[in-house]
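Here is what each chain is made of, one letter per residue.
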Amino acid sequence: MTRAEDTAEPQPVDQTGEERQPTVRRRPPRGAGLLTTMLGAFCLTAALLLPLVVAPRLALLPAEFHYTWTLLDPHATYLDTAHWQTRENVDVKQTVSTRGTPVPGAPGLVAVATTIDTHGPLGAIGFLEYQRVVDRASGRIVDCCGTSGAGSGARTGLWPPGTAEAAFAFHDPETHAAPVMRLDGIEDRDGLTVHRYRQEIPPTRVPGSVRDVPAAALGLDRKGTVRAERWVEAVRVYWVEPSSGQVVDLAEQRRETLRALDSDHERLLLDADLEAVPSQVGRARHLADTQVRLLRAVQEWGPLVLGVCGAVLVASGMLLARRAARATS
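Thresholds, definitions, all that
- Residues numbered from 1 in each chain as written.
- Predicted model: local features only at pLDDT ≥ 70, side-chain atom pairs only at ≥ 80, totals over all residues.
- Heavy atoms only, no water.
- Disulfide = S-S within 2.5 Å.
- Buried < 20%, exposed > 50% of the residue type's maximum accessible area, 1.4 Å probe, protein only.
- Axes fitted to C-alpha atoms, helices over the stretch in contact; angles between N-to-C directions.
- Helix = DSSP H or I, 4+ residues; strand = E, 2+ residues; numbered from the N terminus.
- Parallel < 35°, antiparallel > 145°, perpendicular 65-115°, else oblique.
- Left-handed = near helix turned anticlockwise from the far one by under 90°.
- Nonpolar A, V, L, I, M, F, W, Y, C, P; charged D, E, K, R; others polar.
- Contact = heavy atoms within 4.5 Å.
- pLDDT = per-residue confidence, 0-100.

### Details of the state of the cysteines
- The full count for this structure, using the stated rule, is zero disulfides.
- Cys43 takes part in no disulfide bond, and the closest cysteine sulfur, belonging to Cys309, lies 6.1 Å away.
- Judged by relative accessible area, Cys43 falls into the buried class, the value being 11%.

### Regarding the packing of helix α2 (residues 32-58) against helix α3 (residues 278-328)
- Between α2 and α3, whose axes approach to 7 Å, the crossing angle comes to 160°. Taken together, α2 and α3 sit at an angle that is classed as roughly antiparallel. Handedness of the α2/α3 crossing: left-handed.
- Its residues assigned to classes, the contact of α2 with α3 comprises 23 nonpolar, ten polar and no charged.

### So, the environment of Val298
- Along the chain, Val298 turns up in helix α3.
- With relative accessibility at 8%, the residue Val298 sits in the buried group.
- Each C-alpha atom of the pair Val298 and Leu52 lies 9.7 Å from the other, and the pair is 246 residues apart in sequence.
- Discounting chain neighbours no more than four positions away, the residues touching Val298 are Leu50, Pro51, Val54, Ala55, Leu58 and Pro303.

### A word on the confidence of the model for the protein
- With 89% of its residues at a pLDDT of 70 or more, the protein shows a mean pLDDT of 85.
- Here residues 1-8 is modelled with pLDDT under 50, and outside its nearest four sequence neighbours on either side it reaches one contact, counting other chains as well.

### What to know about the side chain of His195
- The residue His195 is located in strand β8 (residues 192-205) in this model.
- Owing to a relative accessible area of 15%, His195 belongs among the buried residues under this scheme.
- In this structure, His195 is in contact with Leu183, Gly185, Ile186, Tyr238, Trp239, Val240 and Pro242, ignoring residues within four places of it in sequence.

Below you can see the structure in the form of structure tokens.
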């Protein structure tokens, strides 16, 4: 036996009789601590950017959109002006289409074009088309970009996210007036809290609506035509989810008449209690619920989760870096 063999230390043997390998303590990679710290810093930065940068952008009206509402009354009354006969207990449908497009050079504004098309079973009852420029932050009409400033300062049928006013001027494009829209109550719609707003328009003449109508159509006992104009009175109701500004339902009680200019004779043009189609109400409610969840994620739990994760990652990264430094010393 050689001298080297005499002096060799015996290797530890486990219960199976096999030699056990010496334990090797692994040290963390040199870059692990740095990468972990960088990831934590990114999370902390994102936690700050969500409420400070992203949330304010979500609190604006979209720069581009297209909404269509269909309102129905299956038991309406209207005047068929093609035959000057009153049609009772018939279907009347009103389609309100609103399209928003960006205003070049003005990111805080949106150009809004709206059409209101009212039909009965025998054809058109009324049609209205108008354009406005609206401030994306307040939802109010502004005088800008070559469009009419009629109704400047009043709101339209668009609610920016976070709407909380209890009363405000609300533009009526037909009468060119802006009667007050008031918060009329708070309701629960399938678990979604919505604000109910109500606007009342007293009997008001419609500018530019003067026309010639048969005298007999207004109950006058003479031949020929008379000059008459249209008068409107209405009650509008909007149901709005306040956090997102999403309209989830709307309705309108509407009464229109033709009034002779030179007498007190008049004729009913339209009497309708219009309500939104239930399928559209369901889709609007689902969209509002989705937007509420997104806003809460950006404003509340998103920053909280990212902040906690960032703090943990930064602390872990510093610990890993310290262990790596000790292992190499």
